[in-house]
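Chains, contacts and geometry: an overview
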Amino acid sequence: MDAPEALALLMSPPGRIDPYPTYELLRAHGPVAQAGPVFFAVTGYVEADAILRDPRFGVMDDALRDQFLPGWRDSPAVASISRSMLRTNPPDHSRMRRLAAGAFTPRRIAAMRDVVSAQADELVDAMLARAADGEPVDFLADFAYPLPVGVICALLGVPAADRPLFRRWAADLTGVLEPEITLDELAVADRGATELTRYFAALVEDRRRTPADDLTTALVQVHDADGGRLSGDELLANLVVLLVAGFETTTNLLGNGLVVLLDHPRAAQALRERPDLAADHVEELLRYDSPVQLTTRVNTAPATVGGVDLPAGSWTLLLLGAANRDPRRYPRPARFDPWRAQSHPLSFGAGPHYCLGAGLARLEAQVAFPLLLRRLPDLALAGRPRHRTRLTLRGYETLPVTIDTGPAGAHRGTPAGTAPGTP
């Protein structure tokens, strides 16, 4: 199978649901495979990392959008994403990122550990109550969504009563992040963008009247003091992106990660008995089944990457999920091994667009997985879940699980035992 055929397979519904076999078909053509006259798919770790850090490579700007997506300004989803830090290049990207970065410093994130732990405990209590009749519960709806959405909403100052609104709106909007999208899918994304923008426009007006100690108030005050630092469109676009990115990736990390841990009971037992292993387990979960599978870049000047010449104006599809399984970087990459020497998976990107909330997502997962395994030692899948037919943001449609709420299950204390060492 040549590279264009493999790429077409990757974009098909079966390829999106399980992209890993197709990544290997592309990898057979080298770490940088040409799939069109100026289109390249990157599966190599070193090559993807280099492109993400190279200032010659950036995201699509307005001029390119005008060329390839005529009428994009009429799409609420494309226009909103395009005005955010997610889809802008320096200096605009750097300017907007600096304004929000103060909420995501390592010190502030570390200070949130107790809050995250308390929220996770409350969600487990609620899961136990729902499981009392012996029926399965949906881990995504009951834990993996409400935990990160509660955390990011607290940072943004979104009232707790409004949090259930965002799951559908965000799911609709994020369709626009896929490498290919139909007109019907774009209409759904536009609907999500319209609802989210309308919501934040109202919240902005509320914060003007009643300032609070939250990120929304801080950004509103920056805009009102100097629109040159943050325009009105940028204010709304970044609030939308901060909310959606703040929980969508973490929800998928928690869902994907739980399935992997339940499929690897020895690793789960180690983490149950040794919560201090959480950092390494989470890094390996990010590597093994990344919640973000790809991103794109276009280069403004000629470049040579992986021995392949990329003319100026080339499009590169950076397959982060494939790079995280590059055998040149990770021996036996298809094996889940939380004891392997960690080598910084590219799940949150690298370079100027490195995910602003990566530290927060890691913290939530490092808190959640040991707590879940300790308090719910008999947690099990209720059948095999099915992934969404999304490639960029990889996650499950639903994740039904069973919980033993009888005398032998659902312990609140840490089980006795000695943690295993290495495999």
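Above this text you will find the structure in question.
Owing to the predicted nature of the structure, the values given are computational and were not obtained by experimental measurement.

Counted according to the given criterion, the structure contains 29 salt bridges. Across the pair Arg287 and Glu284 runs a salt bridge whose closest N-O atoms are separated by 2.9 Å. One end of the pair is Arg287 and the other is Glu284, both in helix H17 (residues 278–288) and three residues apart, which spans about a single turn. As far as burial versus exposure is concerned, Arg287 and Glu284 are alike and both buried. Within the structure, one salt-bridge network assembled from shared partners comprises Asp206, Arg207, Arg209 and Asp214.

Below, the discussion takes up the sheet that holds strand E9 (residues 380–381). The strands that make up a sheet are held in pairs by hydrogen bonds between backbone atoms, and each pair lies either parallel or antiparallel. Here we have three strands laid out as an open sheet, ordered E4-E10-E9, and antiparallel in their pairing. Two strands close off the open sheet at either side, each with one partner strand: strand E4 (137–138) and E9. With two bridges joining them, E9 and strand E10 (residues 400–402) adopt antiparallel strand pairing. Looking at E10, one finds that Leu381 is bridged to Val401.

To continue, consider unusual backbone geometry. Cis geometry marks the peptide bond from Pro90 to Pro91, where omega comes out at 5°. When you line up the elements, Pro91 lands in the loop between helix H6 (76–82) and helix H7 (92–101). A positive phi angle, close to 50°, is found at Arg332, a residue other than glycine. Among the secondary structure elements, Arg332 is positioned in the loop between helix H18 (320–323) and helix H19 (358–375).

Enumeration over the complete set of coordinates arrives at zero disulfides. Among the cysteines around Cys153, which has no disulfide bond, Cys355 carries the closest sulfur, lying 16 Å off. Assessed through its relative accessible area of 0%, Cys153 is described here as buried. The exposure class of Cys355 is partly exposed, given its relative accessible area of 24%.

Let us look at the nonpolar core. Membership of the largest hydrophobic core comes to 117 residues, with the highest contact counts inside it found for Phe104, Phe139, Phe143, Phe166 and Phe200. A per-element tally of this core places helix H15 (residues 232–263) first, with 15 residues. Residues contacting Phe104, with those up to four places away along its chain left out, are Ile109, Ile152, Leu155, Leu215, Leu242, Leu356, Gly357 and Leu360. Counting 16 residues, the second-largest nonpolar core is a separate cluster that includes Ala3, Leu10, Tyr20 and Leu319.

Our focus in this paragraph is helix H16 (residues 265–273). Every buried residue belonging to H16 is among Ala267, Ala268, Ala270, Leu271, Arg272 and Glu273, and all of these are buried. Buried residues in H16 make contact with H15, H17 and H19.

Attention now goes to the pairing of strand E8 (residues 315–319). Working note: regular strand, side chains alternate between the two faces of the sheet. The buried fraction of E8 is high, at five of five residues. Side-chain alternation along E8 places Trp315, Leu317 and Leu319 on one buried face and Thr316 and Leu318 on a second face that is also buried. Here four bridges tie strand E2 (residues 39–42) to E8, and the two strands are oriented parallel to one another. Bridge pairing in E8 links Val42 to Leu318. Relative to E8, strand E5 (residues 294–299) runs antiparallel, the two sharing five bridges. Counted as the bridge partner of Thr295 is Leu318 from E8.

What counts, and at which threshold
Residues numbered from 1 in each chain as written. Predicted model: local features only at pLDDT ≥ 70, side-chain atom pairs only at ≥ 80, totals over all residues. Heavy atoms only, no water. Salt bridge = Lys/Arg side-chain N within 4 Å of Asp/Glu carboxyl O. Helix = DSSP H or I, 4+ residues; strand = E, 2+ residues; numbered from the N terminus. Buried < 20%, exposed > 50% of the residue type's maximum accessible area, 1.4 Å probe, protein only. Pairing = 2+ DSSP bridges. Disulfide = S-S within 2.5 Å. Core = buried A, V, L, I, M, F, W, Y, C linked by side-chain atoms within 4.5 Å. Contact = heavy atoms within 4.5 Å.

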